[in-house]
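So the chains spell out like this:
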Amino acid sequence: MCGIAGYIGFRRADEVIISALKRLEYRGYDSWGVAVRHENEIRLIKRMGAIGDEKTYSVAEGNAGIGHTRWATHGKPSEINAHPHTDCSGKIAVVHNGIISNFQSLKEELESRGHVFSSETDTEVISHLIEEFYKGDLREAVEKTIGRLKGSYALVVMHAEKDELVAARYKSPLVLGVGDDELIIASDVPAILDYTSRVVYLEDGDLLVLMKGDFEIFSDGRKVNRKVETIPWSIEDAEKGGYEHFMLKEIHEIPRVIEDTLFEYLSDDIEIDISFAAGVSEVTFIACGTSYHASLIGKHLIEKLAGIPVRVEFASEFIYHQPPMHRTLAIAITQSGETADTLEAMRIAKKLGARTLAIVNVLGSTATRIADHVLYTRAGPEISVAATKSFIAQLIVLYLVALKLSGMTKSEMEGLLDELRIMPELVKGVLEHEDEIRAIAEKLSDYGNMMYIGRGIGVPIAMEGALKMKEISYIHAEAYPAGELKHGPFALLGERTPVIASLTPDETYEIMLGNIKEVKARESIVVAVTGHDDAEVEKYVDHVIRVPRTDALFTAVTHSVALQLLAYHTAKARGCEIDKPRNLAKSVTVE
Ligand code: F6R
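So, here is what we can say about the structure in this document.

Conventions and cut-offs
- Each residue is numbered by its place in its chain's sequence as written, counting from 1.
- Owing to the predicted nature of the model, reporting of local features is limited to residues with pLDDT of at least 70; listing and counting of side-chain atom pairs is limited to 80 or more, with chain, interface and lining totals taken over all residues.
- Hydrogens and waters are ignored; side-chain quantities use all the structure's heavy atoms.
- The helix and strand labels rest on DSSP assignments: H or I over at least four residues marks a helix, E over at least two residues marks a strand, and numbering proceeds from the N terminus.
- Residue burial is assigned from relative accessible area. The probe radius is 1.4 Å, only protein chains are included, and a residue is buried under 20% of its type maximum, exposed over 50%, and partly exposed in between.
- Computed with a 1.4 Å probe, the accessible areas rest on the Shrake-Rupley method; for each residue, only the protein chains presented here act as cover.
- As used throughout, the charge tally considers Lys and Arg to be positive and Asp and Glu to be negative, leaving His and the chain termini uncounted.
- Think of each charge as sitting on NZ of Lys, CZ of Arg, CG of Asp or CD of Glu.
- Criterion used throughout: strands pair if DSSP finds at least two bridges between them.
- Throughout, the term near means that a residue has one or more heavy atoms lying within 4 Å of the molecule or strand in question.
- For the purposes of these results, a polar contact is taken to be a pair of N or O atoms within 3.5 Å, where, inside protein, one atom must be able to donate a hydrogen and its partner to accept one; residues adjacent in sequence count only when each atom of the pair is a side-chain atom.
- Throughout, the protein atoms alone are placed on a 1 Å grid, and a set of points is a cavity if a 1.4 Å probe fits but cannot get out or a pocket if it is open with protein on both sides within 12 Å along at least five of seven lines; lining residues have an atom within 4 Å of a point.
- Assignment to a cavity or pocket requires that more than half of a molecule's atoms be within 2 Å of the site's grid points.
- For this classification, Asp, Glu, Lys and Arg are treated as charged, while Ala, Val, Leu, Ile, Met, Phe, Trp, Tyr, Cys and Pro are nonpolar and the rest, including Gly, are polar.
- Handedness rule for crossovers: strands pointing away from the viewer, path from the first strand over the helix to the second running clockwise, crossover right-handed.
- The term salt bridge refers to a pairing of a side-chain nitrogen on Lys or Arg with a carboxyl oxygen on Asp or Glu at a separation within 4 Å.
- Orientation is described by axes fitted as lines to C-alpha atoms, over the contacting stretch for helices, and by angles from 0 to 180 degrees between their N-to-C directions.
- Each angle receives one of four descriptions, namely roughly parallel if under 35 degrees, roughly antiparallel if over 145, roughly perpendicular if within 65 to 115, and oblique otherwise.
- Helix crossings fall into two classes, left-handed where the near helix is turned counterclockwise from the far one by less than a right angle and right-handed where it is turned clockwise.
- Only heavy atoms matter for contacts: two residues are in contact if any of them lie within 4.5 Å across the pair.

### Regarding the overall build of the protein chain
Okay, so step 1: In terms of helices and strands, the protein chain carries 18 helices and 25 strands.
Okay, so step 2: If you line up the protein chain on its principal axes, its C-alpha atoms span 80 × 55 × 45 Å.
Okay, so step 3: Residue burial in the protein chain is summarised as follows: out of 591 residues, 61% are buried.
Okay, so step 4: Accessible area of the protein chain: about 22500 Å², with a carbon and sulfur share of 47%.
Okay, so step 5: With 65 positive and 89 negative side-chain charges, the protein chain shows a spacing of 1 Å between the two charge centroids.

Written out as structure tokens, the structure is:
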């Protein structure tokens, strides 16, 4: 998730902007840049990597400027692709968050009229469009430009000839800080709090003009008033959006992450070119940890929907198997794109003749360079060590890949696609039950052991639920297919071992109730995760976590979000650190 900062006032703009960008570092970025208006010129710096010591940078003297931290989405991380982007004249500079979905056609159109592009980004079309529309009035040019854009944007624009910034927002956040004789615009509140705690949250469709000491907001061409609010938070609270931990913030971001990932690959139809998989007779997933659990769900989906046999390998173990893979599609799933075992397994799969596809969250990461084909999840940077939103984004891509591989016609898959489209709402329906989940978590927090069970797609859901619980709450949690309990794990059950059961609305439901009865006979407390419409379950269990009803295939999303919240609140009740669990790292770059 990129960060934006813009300043107009009485201080040196470069100093304010660089310190504001540092306040946005928690969002993650791979490169950054700043533009300042100086003597009717735009002065720019762009750099790769972290800002580091802000005192070592001086762009130019000037009291108006814009800056950006970039999390690459279109075009690899590089100085050229870093923002701000300028037009052909170098007089207009733009910073942008979001994705311009029609940038390719706009770029071709602009090139045909002689515009020369220097970057691979979608953003650069904005500066060139503004150049075409600019007739001395920047607001008018920006207004006309956004009329041509499809997708999402928060953007801030400046022109070399005037101390003025123009900003616009649609589906990407922007907030204005209102100080005494100074204004600062940013993608999030922490960038502002060093200067003022008075803010205006812009709404979708708003266009904002920032002048020295004053600002105006327009919506649908008409001037509007927006409330000035006072932020009661410290900078640290603000980084977490008011949530106590990044993990909780990231869980609450899931509806938006699903929207962004669907936006990338699903319009009228699934926009994934799967031609590289033509003729493959099997699929092998390679991954670690949570991404391994996403792979197990991918196996379930591909076998069920596409009828293609699927193997799932721990990347660290695949290294020792090395099966022939001439007609295999090897799918590596990795949030970071840097997990050493996954990278090594990908290299081996290629050597063995597999075609490779990587499902990755970090653009330009090593996995994207090894794989023949890449599909990006749009989770944005994940700060908490425990994967939450990135896991759900992986699942969304897997639903689309499985449906695409199935060869179903559009009308055959329409019912499932409709359900996928309402998934952000369904997840909001899970989040609405957070208070009930917290109450159950508090009851569980005194136990030292837990068992997670499921059947069918419920098994990987249980495995991921148990992993979340153990890594952040330090409670020993195991996951088993419910049918396996009687082959050993029953010996562990009893009143000190709660059992968390995932009940899915399919052929496994009745037999799961039977397994729960067996568990109750061993005196374990049972918590069931099940649909709102499940009228039976109360008779069998101690606590119920209700989630919106979906086709069983999609319970992987709804149940997993509920289990993420359960783990979070259990860990919180135990006073655990949560965002940085002991002994764990976000990116595991050693084998
Ligand atoms: C658990 C978790 C880890 C990662 C694993 C793989 O919450 O985050 O298990 O899933 O280390 O990481 P990536 O997906 O980056 O390859």
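Still to come is the rest of the account.
### Side note on the pairing of strand 6 (residues 92–97)
Okay, so step 1: With six of its six residues buried, strand 6 lies for the most part within the structure.
Okay, so step 2: The alternating pattern of strand 6 places I92, V94 and H96 and A93, V95 and N97 on opposite faces, both of which are buried.
Okay, so step 3: Connecting the antiparallel pair strand 5 (residues 85–86) and strand 6 is a turn made up of five residues, with G90 showing a positive phi of about 75°.
Okay, so step 4: The pairing of strand 6 with strand 7 (residues 153–159) spans six bridges and is classified as antiparallel. By the bridge assignment, V94 is partnered in strand 7 with V157.

### Details of the site of the ligand
Okay, so step 1: The environment of the ligand is formed by 14 residues, the closest being S291, T334, S336, T339 and E471.
Okay, so step 2: S336 is positioned with one of its side-chain polar atoms (N or O) 2.7 Å from an oxygen atom of the ligand.
Okay, so step 3: Separating an oxygen atom of the ligand from a backbone N or O atom of V385 is a distance of 3.4 Å.
Okay, so step 4: Judged by the proximity of its atoms to the pocket grid, the ligand belongs to the second largest pocket.
Okay, so step 5: Among the elements of the structure, helix 8 (289–306) and helix 16 (458–473) are those that each provide at least two residues to the shell around the ligand.
Okay, so step 6: The leading source of residues in the shell around the ligand is helix 8, at three residues.
Okay, so step 7: Within the shell around the ligand, the residues separate by chemical class into five nonpolar, seven polar and two charged.

### Topic: the pairing of strand 23 (residues 499–502)
Okay, so step 1: Every second residue of strand 23 is oriented toward a common face, with V499 and A501 on one face and I500 and S502 on the other, all of them buried.
Okay, so step 2: Following the chain from strand 23 across helix 17 (residues 509–521) to the adjacent parallel strand 24 (residues 526–531), one finds a crossover that is right-handed.

### Description of the pattern of salt bridges
Okay, so step 1: As enumerated under the stated definition, the model contains 40 salt bridges in all.
Okay, so step 2: Here E425 and K428 are joined by a salt bridge, their closest N and O atoms 3.1 Å apart. Within this pair, E425 and its partner K428 are both found in helix 14 (residues 423–431), separated by three residues, close to a single helical turn.
Okay, so step 3: By sharing partners, the salt bridges in this structure join E109, R113, E132 and R148 into a single network.

### Things to note about the packing of helix 8 against helix 16
Okay, so step 1: It is the contact of helix 8 with helix 16, at a shortest axis distance of 9 Å, that shows an interaxial angle of 165°. Looking at the two axes, helix 8 sits roughly antiparallel to helix 16. Of the two elements, helix 8 crosses helix 16, and the hand of that crossing is left-handed. Facing helix 8, whose interface residues are G289, T290, Y292, H293, L296 and I297, helix 16 presents P460, M463, E464, L467 and K468.
Okay, so step 2: Classifying every residue of the contact of helix 8 with helix 16 by side-chain character gives six nonpolar, three polar and two charged.

### Describing the sheet that holds strand 25 (residues 543–547)
Okay, so step 1: With parallel pairing, five strands are arranged side by side in an open sheet as 22-21-23-24-25. The open sheet has two edge strands with one neighbour each: strand 22 (476–481) and strand 25. If you compare each strand with its neighbour and ignore which way they point, the axes differ by 20° on average.
Okay, so step 2: Docked against the sheet, helix 18 (residues 555–573) engages strand 21 (449–454), strand 23, strand 24 and strand 25, running at close to 130° with respect to strand 25.

Nothing here speaks to function; it is geometry throughout.
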